[in-house]
Amino acid sequence: MNNRTMLTAAALVAATGLATAADGFPKPYSPPCVERENVFAFTEKPSVRSVGSDRYEITFAVKGYCDVTVGIMDPSRDLTGWGHGTVVRHLASGVLGPNAPAPFQKNSLKQVVYWNGKDDLDEYVREPGKMRVRVMLGLKPVFDKRLGGSSPHNLPGETWGLAASPDGVYVFSGGGEGFHHGTVRKFSREGGCLGTIFPPPASMPLEKSAGMGFIEHEPGTRTRHGRDVQYSVAADGGLMPGVDGVGVPRRCQVAAVGNRLLYASFKPGALRYIYTDGSTDAKGQEGMPFPSVSGLAYPCPLLAASPDGKWVYSVVVNHEPLAHVVVRASAQGDGPPAMFIGTAGKPGGGEGQFNGPAGIDCDAQGRIYVSDSRNNRIQVFSPDGGLLKAIQVSGPGLLRVHQKTGAVYVQHSARVEGRSIARLTKFAAFGQLTEEFHVDGVGGEHMALDSWSAKPRLWLAGDTPSFESRSDRDRPRQGVRVHEEDGGTLRLALSFDAVAQKEAGENYIGPWGGNVFDKVWCDPVREQVYYRWSHVFDLRTGKLLGAYPKPCAYDDAAFDKRGYMHLHFNPCFFGQGVGRVDPSRATLVDNARGRAFRYPEVPYDYGVEALGWRGILPTKDQGGAKGFQDGLGVNMRGDVASQCNIYYVPKWEDEVRADALAGNEARMKAGQWSEEQNLYDAWLRKVAEAQKRGEEVYAIRHRPGVPLSGGTVWVYDRTGEVKRPCAVLAGDLINGVQIDEDLAVYFVNARPKVHGGKPFLYGKGGILGTNARIAPFTGTLIKTKPNQECRVLLARSKVKLDPLPDRPPDLMALDFMDDAYMGKGSWCWVEGAEWLYAGVSPITSVGCSCPRQHLGLDWYKRVYVPEAYRRSIGILDTNGNLVMHLGRYGNFDDAPGGERGAKPGGEDIGMMLVRFISATDNYLVYGDWDEKLVVLKLAYQAEETAPIKAE
Amino acid sequence: MRNAEWVVAVLACLCWAEEAEPELEGKPLSQWVRQLRSDNRGLQVRAARTLGAAPGELHAGIVPLVLPVLKSERENDKFAAAQVLGECGPAARKAVPDLLPMLEGTQYERNRAAAAKALGQILKEAKPDAEIAKVTEALIVAFRDKYSDVRREAVKACGVIGLAAKACIPHLKTPLAQGDQLLGSHQDQEYRLVRRAAAWTCGRMGPLAAGHMDLLISRMHAEGQHCPEIVEAIGLIGPVHDNVVPNILDKMEQKDGGTVWQTESWQALQRFGAKAEAVLPFAKRFITEPRFYGTNNSREREALVIEVLRFLRVAGPKAVDCLPQVENLANYKYPYNEEDDMTPVMRKEAAKTAAILKERVGK
């Protein structure tokens, strides 16, 4: 869950004094790290010569300090079919020049690299003479394919609004489970997708996005964000104000007023809009006056516009204080909204009173039709609020009025043989209001009426109303359906689900989640990818191979070069530990949803029997407040780096409890959570029980400056023995961990890197069209020195650090991006780090650690890290040199495989919010905004191969 | 303490000295009363509990002894005394003038709540008079107390007093809808208790509370399954308009509320008799589909089915349409295992209902 309250607190900083001179513009890396030079040519092609027993000298020269990658290939095993073969030894990769990683020579365009005849697992290659050296210059990821389909009819999350207008139908959708990021797509009246209008397309100039947020990530270059830049970058990636999982309506009847699409949110109350081309203005983004609601209910505002576009009428479902009344608000935002008909909070059955109004619309004459559900009637009012007519209808819900014929289409219940069923009835226009026909079993949570199609078309989304118990309603979510009126009945003309399913064929994996949970893990041995803890795709063909249903609740997974899959268990929902399974010995099990695999366990040699597993790594994770512990890294050998959050701090239990629950305090105060639901307290009780049994509960050793709670990383060797306990002692949140063969750990800490005494990107955010400046929150990628302890030292620690280090701070410990918190007390220093890289995002500053992002590390030790602030993926070599920022802002249509996006082989990669990245030797895979799963091929600007001549 | 009370108290003791002082749990009454002033909170609570549970014939003797405790300087003493006097019911009527200031004046919300509760118990179903009017007025003021415990007890007390406290009816609207913006949250629990009490009191007021029917219907849809008092109140008020029965039916059909709520709903419909005949097709379906009982708890299932059958007996002439289903129920043989869906009581009720419906067919 997110903690928006914390993140957004006082995020605005004064514009004054925040000059951003180009020479002082922050770079995410620090010296001696450099960027690659974009010159990709050999001046001397690679050659190999034997210089002794099992010693081969590889030489080549290049024209510029670009990134170079060298591998020993076995051409006989060509998994991809690209003719390169398979890498048996990942020899070197990095940006040449002053900070070139070993074994490259620094500041040299001519390079000599040696191979000892061994593979990555330190075994001698049987026939080295049959191998080839492959030298690649300039990594160039190009679009290869989308997995699981790419139909725009497969909407992310749930549909939460529909609006029909003379020029088409607009479908609003957003992520489920409280992670709403808001997407609007426009469809023709026949149902063809005309494009994603929101988030706006990349081609829309920023001037047309007034009121939205931005981040200036390079001098003069701004990337579009949501108005709440904090939220847009740090948490859910939401761009639509009010549609953020907090104040968001579960559903909203959107009103089309001219070229504006109006929707309402309640916390605080605001009537907002976007234009039908996806552009925005300040008023629409800030919101116009609308009633606020308090408490926890997710009220559903149903809006209807008067035909002259002057007024917006609204009824609210699911919120008692605002129920039983029609609110009238100015569609232009002139003046406060008024309680127009009925009395808020006072149900009644008299004329002009309501009991649970559940539908509203206006006809072309401005008459207002209201479904008065619990009074079993529809009341019709004149534009001045006088009652004109009422007709009896059983339990009326959503209703729409045809703008040309005046016919009224109403969803309601009907009782047939003692059973209530969903019914949709068409009534003649106002003059008669008599039933023309009805259809049973048709309905939805959202309904729009296309009054401009040749035959009236009803657009429905969400479940058909059910009159059964919840347990009987366990069926998949329903997408948008279009029903056309035809000869006194309704005919299903189009189903979005069916279109999406047809497009994806056998690779269909259902609707996109649109949330923050769907992780991506590549299996480099088999060139496969795991998505959403279940689906397994073949990266070469893009084919869905089947499912690997969770053997237990696990947070993270990683693969070693033997092909084993390591699983990091969730300590809250399952238990402490890391388990290992072998996909090569998969058995097919029956599964109603298709092919599903079960993998046998491969116990670690020194693992322990627990949780029904025979030999797991007994990790130190301490669950509770932050159940998700997302870091698991495995190197080619199978050594494991496991993130363990530590929350047991003797003497400071209460203080740590407060820290650990920081994100949940607000939720508890709001009544969303209770002490009883608090996993942290439950865990503390377990600690007490364990101590009574005489078991030792791990606590971080008290030392000056070190954080005593939060993220740590432990390193185990492939046999399961602890190689380095508490190898990383970072505290706070860690999102994503990797480990290389030198036992260097790569991890992302939720603390911004310091640049000029301020957090990275300080004052670089803002709201388009205003002078407001914002300091976005980003995390920092840290690489530790090989096989050494890495500690973050805090200026303000429980055991005081005295004296403080005599050097500028590396990081800032900030819960709030506010000047008041950016003093010396927030300073942190990192000891044992090789380099730091700024701007890692999305990541949350404090509170609950629902998975936010996960860096990737390939076997050439290249790091792929999400950079939501600039809509890119940062690719670094193992010395922290920047290979490239991959990608730029782009909505669904701008993304690879989209209408305007890159075609296969294309380099221009549009992306919205990449969270989870994973790579093999040949592919880079990422989930983008949980509405697409993208595969890029790792191509190069130039490459040469050379044979290896054995002695 | 007024002189007269002292006299009564002393006389009571003297009388007991003459006879034999009654004992509770082996201890003389006067000793329990002394213990009611104990500094030890545990002993005090024990004394209050014991005195409160004393048999009715002792109440007249207990009241004069406890009245002085109600005037103690110590809040704990007052609290314990109010509890005991409340349990003594109408016999403690003399305590009313002293409980009223406790309801209005004390800063201790626990004592205000105890006073409200005691007033309700003492004036239970009393005939209207000036004192009750005054008490009702004070209780209505307490509907707005800062603390939910006080509000809940004040609202409930009006219901306990009954029609003599009918002046509270218009003021029940606020407690009926209190805190509903927090619906479903942990914080809502305390508000919900107030709402439940308000619904219960509405029910006690019967048709006089018809003005709240629409609000009760609205509340029933929002949380009826958690507050069976709402549908009970609807039943006690009666089908004051055409939408009452369909709304109960709508809510029952959702059947997310469990059998307790369902049982209460069928009882409400029984009160409506033939005016609830629109429910008959649903009732017919209900007894046709065993799955529909929706509970694995055989006792709850039994109670539920019995209430449906009782409804059929009073639901007017059209109920005979359900006769075949009722007969089937009476002769139902569970086909699968020993765990029978039908208990002997259910069969008996089904047979009885079938007989009544048959008789109606004959007529």
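Thresholds, definitions, all that
Residues numbered from 1 in each chain as written. Chains lettered and ligands numbered in written order. Predicted model: local features only at pLDDT ≥ 70, side-chain atom pairs only at ≥ 80, totals over all residues. Heavy atoms only, no water. Buried < 20%, exposed > 50% of the residue type's maximum accessible area, 1.4 Å probe, protein only. Helix = DSSP H or I, 4+ residues; strand = E, 2+ residues; numbered from the N terminus. Pairing = 2+ DSSP bridges. Axes fitted to C-alpha atoms, helices over the stretch in contact; angles between N-to-C directions. Parallel < 35°, antiparallel > 145°, perpendicular 65-115°, else oblique. Contact = heavy atoms within 4.5 Å. Nonpolar A, V, L, I, M, F, W, Y, C, P; charged D, E, K, R; others polar. Salt bridge = Lys/Arg side-chain N within 4 Å of Asp/Glu carboxyl O. Phe/Tyr/Trp six-rings, centres within 6.5 Å; stacked < 30°, edge-to-face > 60°. Lys NZ or Arg CZ within 6 Å of the ring centre and 35° of its normal. 1 Å grid on protein atoms, 1.4 Å probe; cavity = no way out; pocket = protein on both sides within 12 Å on 5 of 7 lines; lining within 4 Å. Points joined across faces, edges and corners; volume = space filled by probe spheres on them. Expected span 1.5 Å × (residues − 1). Core = buried A, V, L, I, M, F, W, Y, C linked by side-chain atoms within 4.5 Å.

1. Comments concerning the pairing of strand β39 (residues 565–569) of chain A
All names here are of chain A.
- Most of β39 sits inside the fold, with five of its five residues counted as buried.
- Side chains M565, L567 and F569 project from β39 onto one buried face, and the interleaved H566 and H568 project onto a second face that is buried too.
- Looking at chain direction, strand β38 (residues 554–559) and β39 are connected through five bridges and run antiparallel. Paired with Y554 across the bridge in β39 is F569.
- The hairpin formed by β38 and β39 contains five residues between the paired strands, and G563 there has a positive phi angle of roughly 95°.

2. Considerations on the sheet that holds strand β3 (residues 55–62) of chain A
Residues and elements named next belong to chain A.
- The strand order across the open sheet built from three strands is β2-β3-β6, with neighbouring strands paired in antiparallel fashion. For this open sheet the edge positions go to β2 (42–52) and β6 (110–115), each flanked by a neighbour on one side alone. Sheet twist, expressed as the average angle between the axes of neighbouring strands with direction ignored, equals 15°.
- Inspection of the sheet shows β2 paired to β3 by seven bridges, in the antiparallel sense. Looking across to β3, one finds that R49 is bridged to E57.

3. Digging into the packing of helix α13 (residues 228–237) of chain B against helix α15 (residues 258–272) of chain B
Residues and elements named next belong to chain B.
- Between α13 and α15, the shortest axis-to-axis distance is 8 Å and the interhelical angle comes to 5°. Taken as axis vectors, α13 and α15 run roughly parallel relative to one another. Each of P228, V231, E232, I234, G235 and L236 in α13 lies in contact with α15, whose residues at this interface are V260, W261, E264, S265, A268, R271 and F272.
- For the contact of α13 with α15, the per-class residue count stands at eight nonpolar, two polar and three charged.

4. Let's talk about the pattern of salt bridges
Residues and elements named next belong to chain A.
- Using the criterion set out here, one finds 70 salt bridges over all chains in the structure.
- The residue R377 makes a salt bridge to D372 at a minimum N-O spacing of 2.7 Å. Assigned by exposure class, R377 and D372 land together as buried.
- Taking the shortest distance from any N to any O, the salt bridge between D893 and R900 comes out at 3.9 Å.
- Connected through shared salt-bridge partners, K455, R457, E484, D486 and R491 make up one network.

5. Comments concerning the packing of aromatic side chains
Residues and elements named next belong to chain A.
- For the structure shown, the criterion picks out 27 aromatic pairs over all chains.
- Residues Y273 and Y275 carry aromatic rings whose centres are separated by 5.7 Å and whose planes lie at 80° to one another, so their mutual orientation is edge-to-face.
- By relative accessible area, Y273 is classed as buried at 3%.
- With centroids separated by 5.7 Å and ring planes inclined at 70°, the aromatic side chains of F354 and F381 adopt a geometry described as edge-to-face. With F354 in the loop between β21 (338–342) and β22 (357–362) and F381 in strand β24 (residues 377–381), the pair connects residues that are 27 residues apart, well separated along the chain. Of the two residues examined, F354 and F381, each falls in the buried class.
- Each residue in the set Y530, Y548, F559 and Y599 is aromatic and connected to the rest through ring pairs, giving one cluster.
- Over the aromatic face of W311 sits the side chain of R328, whose NZ or CZ is 3.8 Å from the ring centroid.
- Against the face of W82 rests K937, its NZ or CZ located 4.3 Å from the ring centre.

6. Overview of empty space enclosed by the protein
All names here are of chain A.
- Considering all chains together, one arrives at four cavities of 30 Å³ or more under this definition.
- The computed volume of the largest cavity comes to approximately 240 Å³.
- Taken together, 25 residues line the largest cavity, and the ones lying closest to its centre are A558, F559, Q738, L857 and S918.
- Of all the secondary-structure elements, those providing two or more residues to the lining of the largest cavity are β34 (520–523), β38, β45 (632–634), β49 (734–739), β60 (856–857) and β66 (914–919).

7. Side note on unusual backbone geometry
Residue and element names in this part refer to chain A.
- For the bond from A102 to P103, the omega torsion is 10°, close enough to zero to count as cis.
- With respect to the element layout, P103 can be found in the loop between β5 (86–95) and β6.
- Omega for the peptide link from D802 to P803 comes to 0°, which places this bond in the cis form.
- Inspection of the secondary structure puts P803 in the loop between β56 (790–794) and β57 (811–812).
- A positive phi angle, near 55°, is found at L611, a position not held by glycine.

8. Remarks on α15(B)
All names here are of chain B.
- Under the 1.5 Å per step criterion, the end-to-end length of α15 is 22 Å for 15 residues, consistent within 8% with the ideal 21 Å.
- Within the span of α15, buried status applies to T259, W261, Q262, T263, E264, S265, W266, A268, L269 and F272.
- Close packing links the buried residues of α15 with α12 (213–223), α13, α14 (244–254), α16 (280–288) and α17 (298–314).
- Of the residues flanking the end of α15, it is G273, one or two places downstream, whose phi is positive at about 55°.

9. A short note on the sheet that holds strand β20 (residues 325–330) of chain A
All names here are of chain A.
- Across the sheet, four strands lie side by side as β18-β19-β20-β21; this open sheet has antiparallel pairing. One side of each edge strand has no neighbouring strand; the edge strands of this open sheet are β18 (300–305) and β21. Direction aside, neighbouring strands of the sheet carry axes that sit 30° apart on average.
- Bridging between strand β19 (residues 311–317) and β20 involves four bridges; their strand directions are antiparallel.

10. Quick word on the pairing of strand β27 (residues 408–416) of chain A
Residue and element names in this part refer to chain A.
- Summarising burial for β27: seven of the nine residues are buried, a large majority.
- Where strand β26 (residues 399–401) meets β27, three bridges bridge the pair, whose relative direction is antiparallel. Paired with L399 across the two strands is V410, which belongs to β27.
- Adjacent in sequence and paired antiparallel, β26 and β27 are bridged by six residues, among which G406 carries a positive phi angle near 80°.
- Alignment of β27 against strand β28 (residues 419–427), held across nine bridges, turns out to be antiparallel. Bridging across to β28, V410 finds its partner in T425.
- Following β27, the chain reverses through two residues before pairing antiparallel with β28; E417 in that reversal takes a positive phi of roughly 50°.

11. Examining the environment of A:Q853
Residue and element names in this part refer to chain A.
- The residue Q853 is located in the loop between β59 (833–840) and β60 in this model.
- The class for Q853 is buried, based on a relative accessible area of 1%.
- Here Q853 is in contact with N735, G736, V748, V840, P842, I843, P866, R915 and F916, once residues within four sequence places are set aside.

12. A look at the nonpolar core
- B:L99, B:I234, B:W266, B:L269 and B:F311 are the most contacted members of the largest nonpolar core, which totals 112 residues.
- Those residues within four positions of B:I234 in sequence are excluded, and the remaining contacts are B:M213, B:L216, B:I217, B:M220, B:V244, B:I248 and B:F272.
- Formed by 41 residues, the second largest nonpolar core is a distinct cluster that contains A:W160, A:Y275, A:A329 and A:W929.

13. With respect to the environment of A:A939
Residues and elements named next belong to chain A.
- As for its placement among the helices and strands, A939 is situated in strand β68 (residues 932–947).
- Each C-alpha atom, one on A939 and one on L137, is 9.5 Å from the other, the two residues being 802 residues apart in sequence.
- In this structure, A939 is in contact with G138, L139, K140, P141 and V142, ignoring residues within four places of it in sequence.

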